[in-house]
Every structure is written in C-alpha cells, then in structure tokens.
Amino acid sequence: MEKVTQELMHSLVGEEIDVFSIQSEQRVGKLAITKVEKGRIDTEEFSSFSISLLGDPKNQLPQDNYLFKHSAFGEYPMFMSIHDVDKYQIIISRQRNREVG
C-alpha cells in the first residue's frame, strides 16, 4: 500500500475512486476527486491537506470511515465528511517525518 500524499492525490484529480464500507467490505459508491489543497496545519511538526470529492446525489454516503481503493494507492482507510448533497471532504493531517541524529 502506497502512502496517500498530497502530490499523489493531486495527480488523481478528475479520476474516480471506489468507496467501500469498512464494516461489511462491500462497495458503497464511487466518488470523483475534484480538488486537493494544502491544509491549514503546516508547522515544522505537522502537515495537512484536504481532498474534495463529488458523488451521486441519489447515493448519499454518511460521514464515516471508509476504505478507498484506486490502482494508484491500493486501498486506504480514511474518514470522510459530507458537506452538501453530493460533496464530500477528507482531511489528512500527519506528523512530518523527522530524521534522527
């Protein structure tokens, strides 16, 4: 599994990713990546970015943890929130890698 990075996700803008339920492992939908932006957290210790997604308004997915699958990164669990009938967002925040010594 390749780590999901801002650069990788930016290269996938316009592509669809499959969304699976973590609990049942069933596919629950497809979402298109519409935008990837640098997040508000940008310090020496932490960085963040957001992924905006567009889905089918007839198949709304509730805010939850999902397993996202795409050939570019394999499968990756992420928390997704809904902010319109067909618009979703994922925020990824992580500690920066620090070299020791």
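Note that the structure is a prediction, hence the values are computed from the model and not measured.

## Here's the deal with the pairing of strand E5 (residues 74–82)
Reasoning step 1: Both strand E4 (residues 64–70) and E5 contribute to a ladder of seven bridges, which runs antiparallel. Along E5, the bridge assignment pairs Leu67 with Pro77.
Reasoning step 2: As judged from the two bridges shared by E5 and strand E6 (residues 87–95), these two strands associate in the antiparallel manner. Residue Ile82 lies in a different strand from E6, and its bridge partner there is Tyr88.
Reasoning step 3: Linkage of E5 to E6, two consecutive antiparallel strands, is achieved through a turn of four residues.

## Notes on the pairing of E6
Reasoning step 1: In E6, alternate side chains face the same way, and those of Tyr88, Ile90, Ile92 and Arg94 are buried while those of Lys87, Gln89, Ile91, Ser93 and Gln95 on the opposite face are not.
Reasoning step 2: Bridge analysis of strand E3 (residues 46–54) against E6 gives nine bridges, and the strand direction is antiparallel. The residue bridging Ser52 from the neighbouring strand is Gln89, located in E6.

## Structural notes on the side chain of His70
Reasoning step 1: Locating His70 in the fold gives a position in strand E4.
Reasoning step 2: Engagement of the side chain of His70 in a polar contact is seen with the side chain of Glu15, the distance being 2.7 Å.
Reasoning step 3: Among the polar contacts made by the side chain of His70, one reaches the main-chain amide nitrogen of Ala72 at a distance of 2.9 Å.
Reasoning step 4: Sequence-distant contacts of His70, that is, excluding residues within four places in its chain, are made with Leu12, Glu15, Glu16 and Ile17.

## Some details on the sheet that holds strand E2 (residues 27–42)
Reasoning step 1: One closed barrel accounts for six strands, arranged E1-E2-E3-E6-E5-E4; its pairing is antiparallel. Taking the axes of each pair of neighbouring strands and ignoring which way they run, one obtains an average angle of 45 degrees across the sheet.
Reasoning step 2: Relative to E3, E2 runs antiparallel, the two sharing seven bridges. Bridge pairing in E3 links Ala32 to Leu54.

## Points about the packing of aromatic side chains
Reasoning step 1: Scanning the model with the defined rule gives one aromatic pair in all.
Reasoning step 2: Here Tyr66 and Phe68 contribute two aromatic rings whose centre-to-centre distance is 6.3 Å and whose plane-to-plane angle is 70 degrees, an arrangement assigned as edge-to-face.
Reasoning step 3: Assessed through its relative accessible area of 4%, Tyr66 is described here as buried.
Reasoning step 4: A cation over an aromatic ring shows up here: Lys69 above the ring of Phe20, its NZ or CZ 4.0 Å from the ring centre.

Rules of the game
Numbers given to residues run from 1 along each chain, matching the order in which its sequence is written. pLDDT decides what is reported in this predicted model: residues at 70 or higher carry local features, side-chain atom pairs at 80 or more are listed and counted, and totals for whole chains, interfaces and linings draw on all residues regardless. Each side-chain value is derived from all of the structure's non-hydrogen atoms; neither hydrogens nor water enter the calculation. At least two bridges found by DSSP between two strands are what make those strands a pair. Segments assigned H or I by DSSP are reported as helices when at least four residues long, segments assigned E as strands when at least two residues long, and all are numbered from the N terminus. Classification of residues uses two cut-offs on accessible area relative to the type maximum, computed with a 1.4 Å probe and protein chains only: under 20% is buried, over 50% is exposed, and between them is partly exposed. Polar contacts here mean pairs of N or O atoms no more than 3.5 Å apart (in protein, one a potential hydrogen donor and the other a potential acceptor; neighbouring residues in sequence count only if both atoms are side-chain atoms). Any two residues having at least one pair of non-hydrogen atoms within 4.5 Å are treated as being in contact. In this analysis an axis means a line fitted to C-alpha atoms, helices contributing only their contacting stretch, and an angle means the value between N-to-C directions, from 0 to 180 degrees. Ring pairs are drawn from Phe, Tyr and Trp, using the six-membered ring of Trp, whenever the two centres fall within 6.5 Å, and their geometry is named by plane angle: stacked under 30 degrees, edge-to-face over 60, tilted for the rest. We count a charge as sitting over a ring when the NZ of a lysine or the CZ of an arginine lies within 6 Å of the ring centre and within 35 degrees of the ring normal.

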